[in-house]
Amino acid sequence: AGWLADETPRLDSSVKGSAFEPTSPRATEPVVGPERTVDGFAKAFLDELNFEAGVALKRSTTTDQYLALARTIRGYLMADWLRTAERRRQNPTKMVGYLSAEYLLGRQMGNSLLATDLGDIAEQAMTSLGLDFNLLRAQEIEPGLGNGGLGRLAACFIDSLASMDVPSIGYGIRYEYGIFRQTFEEGRQVEVPDAWLSLGAPWEFPHPDRAVQVNFGGTTEQYIDGDGRTRPRWLPAWNVQGIPYHYMVPGYQNGVVNTLRLWSARATQEFDLEIFNSGDYAEAVRAQTFAENISKVLYPEDSTPQGRELRLQQQYFFVACSLKDFIDRTLEEDFDLTRLDERIIFQLNDTHPVIAIPEMMRLLMDEHDMEWAAAWEVTSKCFAYTCHTLLPEALEVWPVELMTRLLPRHMEIIYRINEEFLDTVREAFPGDELRVRRMSVIQEHPERAVRMANLATVAGVKVNGVAALHSELLRDKLLPDFAALWPNKFTNVTNGVTPRRFIRLANQQLSTLITDTIGPGWETDLERLRELEPYADDAAFTESFRQVKQANKDRLRSILSQRDGIELPEHAMLDVMVKRLHEYKRQTLKLLHIVSMYDDITSGRVRREDVVPRTFVFGAKAAPGYFMAKEIIFLINSVAKTIAQDPRVTDLMAVAFPANYNVTLANKLIPAADLSEQISLAGKEASGTGNMKFALNGALTIGTDDGANVEIRELVGDENFFLFGMLEPEVAALADRGYTPSSFYESNPALKRAIDLLASGHFTGGDRSLAAPVVDDLLYKDRFMALADFQSYLDAQARVDAAYRDVDGWTRSAVLNVARSGFFSSDRSMRDYLDRIWMPKS
Ligand code: GLG
């Protein structure tokens, strides 16, 4: 028996080519998926359950069934995945490498069913087996590998890239714990770990055989190489392994499946073995835990930097894995690295992956023998940087001390990049040492530290902001010195959202109405929504449109009742503010409006019959260490509870704050909303993307002149948008004059009443101290000028009420919001990135 002799394991550590390179000599296997029929699906499902999981249907749990269903669906994507990879390998062209520390993916099943157009077949197959399809779908725990807008944007972008068949790969981190699950205890946020992998992970493909080693610490030294040249080298002190986990990124019904490659950290075997052989088993296990900590948990910080050593380890870890993966495994063998920019452009999603720049220099010089000048020449063509903020305190800086300790070789490279860069500055602006200091990649005060945004701007081909206003302020206020030196480096790409997940999946009824009205195809050509404009005055269409909105509201009421035990009134305007809890976003301004409305009703200042009934919905997580944000959550919950228990108002207002706002809940909430709250202080919200989702689902926006609100208003028209508040230059002028919130409090009776009522303890069981942190901050600090915008906000809310009373007028505006928001498809964003940054024509 010859096969008995062939048992010696052959270790193959030289895996070459991208993920699915067949190791057999057969270059292409004919890949066929399971049959696209109800019976074929049911059979594939039973095969998964019986032969992969080893469970009989009648003994199976809901979890077994969910896992088998997920694996069945992914089976249908597999052939397309293999084919896409093969096609790209056969015809290597320039690729996009999206480097992002966050991907807020949301549930995978619905999206996969939509991409494969298997929804009906899958549902019927489950029914034929006596299973509840929707119950199974509800089992999925969404991968919450991101905090908010930045992570969700990355997820929308990879969806668009696949739907547009752009050769691309997403690189990131497979956090074992994603964004925490939020619960409330006595109205206060309590964080629970998000063990999203605990019941199995049917959407991922681990490849431990393709591990990559990542080094840390130690020192550098000079040595003489074979050609007698003095060269630097890194003598690292410790290392870990990065294990790639692959996720399918299906395009929308186009046979394309791209890859998202997320890295998980593991202790290296040598490390392990050495200690193990010394007899210290406990120490070996400890070392493993230490290594695996790197990808253990997502930092739950949003729009604030987290200057922790582990965070820098995470950043370098995933970036080092990704660059190595691309150069050693994805690129053709022996490709001339001086032409690397012909094969890849890495987009840096915020400063989190910026350490990739010195890492690329290190790889090219220390591992591929390139000289500095050649390495810099090509490195400075391979990266582009997207900035997502305007708050200067949110830009990452890493202490030189930490950087030197963790990545000594990179620190050397950064110094040299900076030296040469500062020479350029001195040449362009002779004698201007102040400017040199401002632009330096290294800051000197309050401690020596590396400014990651400066590094990205120096090395990047382009720097972009995420909405027109933001890109302008980024260029003129945040990085004006760089803009003076390199005016052409700066560009804008306004954010977008995927219409597949946020219209087709989230709002099936609206999607059907749209398709019935303008025909199919708008999901990948969203400007076609314009064709709805004439129907804004069509009685039959607007009636259907209203019915869709009402159905979405009814669905939401039943979800909130089941999910959170929140009972909402049947007929009321649904006024929604969902986003991370942040002072600049001004949830407190919304709260002041609610308290003011409550006060007007209870004090008899307005007649009950003049009140437009409203349901206010909040959804927001606060960073666990963000004291004020957590106090604001507590106060919102306190106000919600008091209002719910006050019979004087319960028929006119309700406040709901369902816990754990996430992508899954967003998909239920947004389609139901009448009014979208986008009320940040002008100049502070870089873009916002929730604002786009609401407009596309037929909510009207009440908003400041900030971020992408500006472009939404321009497109939908002033008369279909409720604008309020100071403009950015007015904000800047007020800040310069010196802002004193108490003067607004003293001079505005309505504002004074609202704040006094909040402060009185009325909403906090008579305990004034419980409201004090928020109230005192508003009165004496109010960094984001909520009080200055209060009156303007109230006036706009009065306009909202008046508009809502005119049912036809409101519907008309809502339809026009949908029809005119096609610009906000992330497909358009991707086209802009391609044209302006990744593959410019000129
Ligand atoms: C940021 C900004 C948002 C922006 C998002 C995506 O705060 O305004 O829409 O990125 O660009 N940190 C974020 O979530």
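Our subject is the structure that appears above.
So, here's what we can say about the structure. Everything quoted here is computed from the prediction, not taken from an experiment. Here, residues in each chain are numbered from 1, in the same order as that chain's written sequence. Owing to the predicted nature of the model, reporting of local features is limited to residues with pLDDT of at least 70; listing and counting of side-chain atom pairs is limited to 80 or more, with chain, interface and lining totals taken over all residues. Hydrogens and waters are ignored; side-chain quantities use all the structure's heavy atoms.

**Regarding the state of the cysteines**
Disulfide: a covalent bond connecting the sulfur atoms of a pair of cysteines. Which entries qualify depends on this criterion: By definition, disulfides here are pairs of cysteine sulfur atoms that lie within 2.5 Å. Classification of residues uses two cut-offs on accessible area relative to the type maximum, computed with a 1.4 Å probe and protein chains only: under 20% is buried, over 50% is exposed, and between them is partly exposed.
With the rule as written, the count across this model stands at zero disulfides. Not engaged in a disulfide, the cysteine Cys-321 finds its nearest cysteine sulfur in Cys-382; these two sulfurs lie 19 Å apart. With a relative accessible area of 0%, Cys-321 lands in the buried category. Left unpaired, Cys-387 is separated from the closest cysteine sulfur, that of Cys-156, by 19 Å.

**A few points about the site of the ligand**
This is how it is decided: Being near a molecule or strand, for a residue, means having at least one of its heavy atoms within 4 Å of it. For this analysis, a polar contact is any N or O atom pair within 3.5 Å, provided that within protein one partner can donate a hydrogen and the other can accept it, and provided that sequence-adjacent residues contribute only side-chain to side-chain pairs. The residue classification treats Ala, Val, Leu, Ile, Met, Phe, Trp, Tyr, Cys and Pro as nonpolar and Asp, Glu, Lys and Arg as charged. All others, Gly included, are polar.
Around the ligand, the structure places 14 residues, and the nearest of them are His-388, Asn-495, Glu-685, Ser-687 and Gly-688. Residue Asn-495 places a side-chain N or O atom 2.8 Å away from an oxygen atom belonging to the ligand. A distance of 3.0 Å is found between an oxygen atom of the ligand and a backbone nitrogen or oxygen belonging to Ser-687. Classifying every residue of the shell around the ligand by side-chain character gives five nonpolar, seven polar and two charged.

**A short note on a negative patch on the surface**
Heads up, the rule is: Patch membership requires more than 30% relative accessible area and the absence of a salt bridge. Residues of like charge join within 9 Å; the nonpolar side chains Val, Leu, Ile, Met, Phe, Trp and Tyr join within 5 Å. Using the Shrake-Rupley algorithm and a 1.4 Å probe, accessible areas are obtained, with residue cover drawn only from the displayed protein chains. For salt bridges, the criterion is a side-chain nitrogen of Lys or Arg within 4 Å of an Asp or Glu carboxyl oxygen. We count Lys and Arg on the positive side and Asp and Glu on the negative side, and we leave His and both chain ends out. Lysine's charge is taken at NZ, arginine's at CZ, aspartate's at CG and glutamate's at CD. Secondary structure is summarised from DSSP: a helix means a run of H or I of at least four residues, a strand means a run of E of at least two, and numbering begins at the N terminus for each.
A grouping of Asp-117, Asp-120, Glu-123 and Asp-132 is seen on the molecular surface, where their side chains present a negatively charged patch. One can find Asp-120 in helix α5 (residues 119-128). Owing to a relative accessible area of 57%, Asp-120 belongs among the exposed residues under this scheme.

**Considering the layout of surface pockets**
How we decide: Lining residues are those with an atom within 4 Å of a point, where the points come from a 1 Å grid over the protein atoms alone and group into cavities, where a 1.4 Å probe fits but cannot get out, or pockets, open sets with protein on both sides within 12 Å along at least five of seven lines. Grid points are joined across faces, edges and corners, and a volume is the space filled by probe spheres set on the points.
Its boundaries defined by the atoms lining it, the largest pocket holds a volume of some 1,500 Å³. For the largest pocket, the lining is made up of 50 residues, of which Arg-107, Arg-137, Ala-138, Thr-664 and Lys-668 are closest to its centre. Looking at the lining of the largest pocket, the elements with two or more residues in it are α4 (109-116), α5, α6 (133-137), α19 (499-505), α20 (508-518), α21 (539-564) and α24 (663-669). For the lining of the largest pocket, the element with the most residues is α21, which contributes seven residues.

**Quick notes on the side chain of Ser-168**
What counts, and what does not: Only heavy atoms enter the contact rule, under which two residues are in contact if any of them lie within 4.5 Å.
Along the polypeptide, Ser-168 turns up in strand β4 (residues 168-173). Residue classification places Ser-168 among the buried residues on the basis of a relative accessible area of 9%. Within the local environment of Ser-168, its side chain forms a polar contact with the backbone oxygen of Val-166, the two atoms lying 2.9 Å apart. At 3.2 Å, the side chain of Ser-168 forms a polar contact with the side chain of Asn-258. Not counting residues up to four positions away in its chain, the partners in contact with Ser-168 are Arg-88, Met-95, Val-96, Leu-161, Asn-258 and Thr-259.

So far we have only geometry, and geometry alone does not tell us how the molecule works.
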